[in-house]
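What the coordinates show
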Amino acid sequence: SGSSYEIGPAGTKVTRVVKDNYEIISNDDFLHVRGTRRQTVDEGVRIRCNAKAGVLNNYTIEVGVGSNCNIEVNGGNVNVSAKGFGIGGNINLAATGNINMAAGGSINLKAGGAITETAITRISNITALNVNNAGVFDINATQVTIKAPFGIFLN
């Protein structure tokens, strides 16, 4: 059929499966690779964690000290979704250093509730400000209301 495995004289094992491959484990499974592991998948991948919806069955990715965790998408989007189904659904970002964002286009924020900001200092460097019919401005961390019946135009 073309499926086979071979073991070389130095202990190398090669498994070749020419059709579908299934591995069913009835209990726990552990894998330890002392070197580098690389996986290539030519089509899609789906990892399903906590299929039984048990409490505290979390999925954790842990990277050792001094290393980075990189997610790279070539020509698509990175989508993060916390659906919650009635029990919350927050996306929490925390860093002991800075959280840095950069965009070649715009950074858009949309909230169904309030946008809350807490900081020791606030620094803004806006090169082009265009606000029409605005009434409340933040000037040196103080909200100032400007009343103008025909609108406010800042350029």
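In short, a report on the structure. No experiment lies behind these values; they were computed from the predicted model shown.

Once that is clear, we can look at the overall build of the protein. Across its full length, the protein carries zero helices and six strands. Secondary structure elements in the protein, listed N-terminal to C-terminal, are β-β-β-β-β-β. When burial is assessed residue by residue, the protein has 2% of its 155 residues classed as buried. Long-range contacts, defined here as pairs at least 24 residues apart, represent 7% of the contacts in the protein between residues at least 6 apart. For the protein, the accessible area works out to roughly 16400 Å², and carbon and sulfur atoms hold 49% of it.

Each regular strand shows side chains that alternate between the opposite faces of the sheet. The pairing of strand S1 (residues 4-7) with strand S2 (residues 13-16) spans four bridges and is antiparallel. If you follow Tyr5 over to S2, its bridge partner there is Thr15.

Taken as a whole, this structure holds zero aromatic pairs when the rule is applied. A cation over an aromatic ring shows up here: Lys13 above the ring of Tyr5, its NZ or CZ 5.6 Å from the ring centre.

Together, Ile71, Val73, Val78, Val80, Ile91, Leu93, Ile99, Met101, Ile107, Leu109 and Ile115 give the surface a local cluster of nonpolar side chains, amounting to about 1200 Å² of exposed area. Locating Val80 in the fold gives a position in the loop between S2 and strand S3 (131-132). Val80 gets classed as exposed once you look at its relative accessible area, which sits at 63%.

It is worth spelling out the environment of Asn57 at this point. Along the chain, the position of Asn57 falls in the loop between S2 and S3. Among residues more than four places away in sequence, those in contact with Asn57 are Cys49 and Asn50.

What counts and how
Residues numbered from 1 in each chain as written. Predicted model: local features only at pLDDT ≥ 70, side-chain atom pairs only at ≥ 80, totals over all residues. Heavy atoms only, no water. Helix = DSSP H or I, 4+ residues; strand = E, 2+ residues; numbered from the N terminus. Buried < 20%, exposed > 50% of the residue type's maximum accessible area, 1.4 Å probe, protein only. Contact = heavy atoms within 4.5 Å. Areas by Shrake-Rupley, 256 points an atom, 1.4 Å probe, with all protein chains shown as cover. Pairing = 2+ DSSP bridges. Phe/Tyr/Trp six-rings, centres within 6.5 Å; stacked < 30°, edge-to-face > 60°. Lys NZ or Arg CZ within 6 Å of the ring centre and 35° of its normal. Patch = residues over 30% accessible without salt bridge, like charges linked within 9 Å, V, L, I, M, F, W, Y side chains within 5 Å. Salt bridge = Lys/Arg side-chain N within 4 Å of Asp/Glu carboxyl O.

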